[in-house]
Amino acid sequence: MNINATLFVQALSFAFLIWFAVKFIWPPLNRAIDDRNKRIADGLAAAEKGKVALVEAERRGDASLKEARERASAVLADSEKRAAQIIEEARVAAKAEADRIIAGAREQIASEAAKARTALREQVASLAVAGAEKILRREVDAKAHADMLAQLKSQL
Amino acid sequence: MAAENLTPSSYIAHHLTNLTVTVGEGGFWAVNVDTIIMSWVLGLVSLGGIWLVARGATAEVPGRLQSFVEMFFEFVDNTVRDVFPGSRAFLGPLALTIFVWVFMMNLMDLVPIDWVATVSGGLGAPHWKAVPSTDLNTTFAMSFSVFFLIIFFSFKAKGVGGFLHEMFTAPFGSNPALWIPNFALNVIELLAKPVSLGMRLFGNMYAGELIFMLLGLLGTIASLSLGGALAGGASGILTWAWAVFHILIILLQAFIFMVLSVVYVAMAHEHH
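Residues numbered from 1 in each chain as written. Chains lettered and ligands numbered in written order. Predicted model: local features only at pLDDT ≥ 70, side-chain atom pairs only at ≥ 80, totals over all residues.

Looking now at the overall build of chain B. Secondary structure assignment for chain B yields 8 helices and 2 strands. For chain B, the succession of helices and strands along the chain, N to C, is α-β-β-α-α-α-α-α-α-α. Each principal axis of the C-alpha atoms in chain B carries an extent, and together these give about 75 × 60 × 40 Å. When the 272 residues of chain B are sorted by exposure, 33% land in the buried category. Sequence separation of at least 24 residues holds for 65% of the intrachain contacts in chain B that already meet a minimum separation of 6. (Helix = DSSP H or I, 4+ residues; strand = E, 2+ residues; numbered from the N terminus. Buried ≥ 20, exposed ≤ 12 C-beta atoms within 10 Å, placed from the backbone. Contact = placed C-beta atoms within 7 Å.)

Each helix and strand counted, chain A has 2 helices and 0 strands in total. Relative to the compact-globule value of 15 Å for 156 residues, chain A shows a C-alpha radius of gyration of 60 Å, a clear excess of over 25%. Expressed along its principal axes, the backbone C-alpha trace of chain A runs to roughly 195 × 30 × 15 Å. Looking at chain A as a whole, 9% of its 156 residues qualify as buried. (Rg over C-alpha atoms; globule rule 2.2 N^0.38 Å.)

The next point concerns the environment of Q66 of chain B. All names here are of chain B. Tracing the chain through its elements places Q66 in helix α3 (residues 64-83). In this structure Q66 comes out as buried when scored by C-beta crowding, with 20 C-beta atoms within 10 Å. Expressed as a C-alpha distance, the spacing of Q66 and L52, which sit 14 residues apart in the sequence, is 9.8 Å.

Next up on the list: the interface of chain B and chain A. At the junction of the two partners, chain B supplies 38 residues and chain A supplies 27 residues. Elements that contribute at least two residues to the side of chain B that touches chain A include exactly β2 (29-32), α2 (33-55), α3, α4 (91-107) and α6 (136-169) of chain B. Its residues assigned to classes, the side of chain B that touches chain A shows 25 nonpolar, 10 polar and 3 charged. (Nonpolar A, V, L, I, M, F, W, Y, C, P; charged D, E, K, R; others polar.)

In this model, α2 of chain B (23 residues) spans 31 Å end to end at C-alpha, consistent with the 33 Å of a helix rising 1.5 Å per residue. For α2 of chain B, the set of buried residues is D34, T35, I36, M38, S39, L42, G43, S46, L47, I50, V53 and A54 of chain B. (Expected span 1.5 Å × (residues − 1).)

With that settled, the discussion passes to the confidence of the model for chain B. Residues and elements named next belong to chain B. When the pLDDT values of chain B are averaged, the result is 85; 93% of them are 70 or greater. Within chain B, no element has a lower average pLDDT than strand β1 (residues 20-26), which sits at 74, and none a higher one than α4, at 93. At the level of chain-chain contacts, confidence expressed as ipTM amounts to 0.86, with global pTM at 0.74. (pLDDT = per-residue confidence, 0-100.)

What follows deals with the environment of M108 of chain B. All names here are of chain B. Within the element layout of this structure, M108 appears in the loop between α4 and α5 (113-122). A C-alpha to C-alpha distance of 9.2 Å links M108 and L42, two positions 66 residues apart in sequence. Look past the residues within four positions of M108 in its chain and what remains in contact with it is M38, A130 and V131.

Here the focus is the nonpolar core. Nonpolar side chains in soluble globular proteins tend to end up buried together. Counting residues in each nonpolar core, the largest one holds 59 residues, and the members touching the most others are A95, L96, I98, F99 and V102 of chain B. When residues of this core are traced back to their parent elements, those giving at least two are α1 (6-136) of chain A together with α2, α3, α4, α5, α6, α7 (179-224) and α8 (228-268) of chain B. The dominant element in this core, judged by the number of residues it contributes, is α4 of chain B, at 12 residues. Every residue in contact with F99 of chain B, bar those within four places of it in the chain, is listed here: V76, A254, F255 and M258 of chain B. (Core = buried A, V, L, I, M, F, W, Y, C linked by C-beta atoms within 7 Å.)

Put simply, α1 of chain A and α2 of chain B touch, their axes get as near as 10 Å, and they point 5° apart. In this view, α1 of chain A runs roughly parallel relative to α2 of chain B, as classed from their interaxial angle. In this structure, α1 of chain A uses T6, V9, Q10, S13, L17, F20, A21, F24, I25, P28 and L29 of chain A to contact α2 of chain B, whose residues at the interface are T35, I36, S39, W40, G43, L47, I50, W51, A54 and R55 of chain B. Among the residues making up the contact of α1 of chain A with α2 of chain B, the classes are represented as 14 nonpolar, 6 polar and 1 charged. (Axes fitted to C-alpha atoms, helices over the stretch in contact; angles between N-to-C directions. Parallel < 35°, antiparallel > 145°, perpendicular 65-115°, else oblique.)

Moving on, we get to the packing of α2 of chain B against α3 of chain B. Residue and element names in this part refer to chain B. Running from N to C, α2 and α3 point in directions that differ by 115°, and their axes come no closer than 10 Å. Remark: the crossing between α2 and α3 carries left-handed chirality. For the pair α2 and α3, the contacting residues are I50, V53 and A54 in the first and L65, Q66 and V69 in the second. (Left-handed = near helix turned anticlockwise from the far one by under 90°.)

Moving on, we get to the environment of V244 of chain B. Residues and elements named next belong to chain B. Looking at the secondary structure, you find V244 in helix α8. Judged by C-beta crowding, with 10 C-beta atoms within 10 Å, V244 ranks as exposed. Residues V244 and L110 lie 134 residues apart in sequence; the distance between their C-alpha atoms is 9.0 Å.

Set out below in structure tokens:
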């Protein structure tokens, strides 16, 4: 068991192995593990963020659901009001139209009646002239008595 | 290994001898071929295997192999993080290398020594120590490499002047009369680190190997005497028990070597 030149050979072997480990073994392993640790940390952070976002989304969903419901009921109330209003308007319009028609009818009736009265008057006048002609027969001159007849006609 | 020549001392001596090839003039200039080849193969298999997995490592869901490698990575990374607050770009891979390599070398302690002797003998090698960490050359090579890293990082953190200043003025004070005691104490403290680091690993592994050999010897008695049959059974059971216990030791020693190396290098960054 002597110390001999093996010492140097082994020292060089050791140095070579250290160099090899420093250069080729440590860095890739270190990188792989660091990367994985980072990835796991990122994943955990993302999961945490996702959880928070889920809660937020649920909250927002609830809020918008409530808002939609409120709006729907508001729209419903609005439309009911509007419907009542339309019915009311229609009623008013119908009444106005009816009044207008009635008024027109009345006017027409009045004018017809006036027209009939005028015609009747003419006929009565001619009847009276014819009657007078028949009574007076010979002496009556239509031309001579036209003034008297017109006077008579206007008195009817 | 011829059975007729087998004595307890020759058995143990055989298993504790490295396959040595002299280079140059011999003496110090010799290399333990078995130690070098075993440590190279183990380093290649373990760190090369980790590299193959690390090369394709992705941040996606990891496969079984990647998870296995990442388990080691995170274990080492957390250990270093506990000791050293700064960048782990160098200290991390250093610790990983030490842990994996020392563990693999220690693991060879669990391969039955007689199998190793049979295979190596069959291949024509007179000796073959399968456990590189029972060779003081390996453990001191590593611990003194750590020592030089301590010096290097001390220089880097404090500057050469700051380091020398600290060597002479800590821990007692900056009075010139205290320079010598300060320096002596610091040198001892500094040198004690690599020596204890290397000796601890070597001692534990060497002693563990020795106990396997003694228990194996107990087994050889079984073939020599009648009452030895009992010893043979005891040998088997005890070897098994020691191997189970040894699993703990090889893991613990690898861990201790790693942690202490990191602690020493981390301490080099601190100012007194």
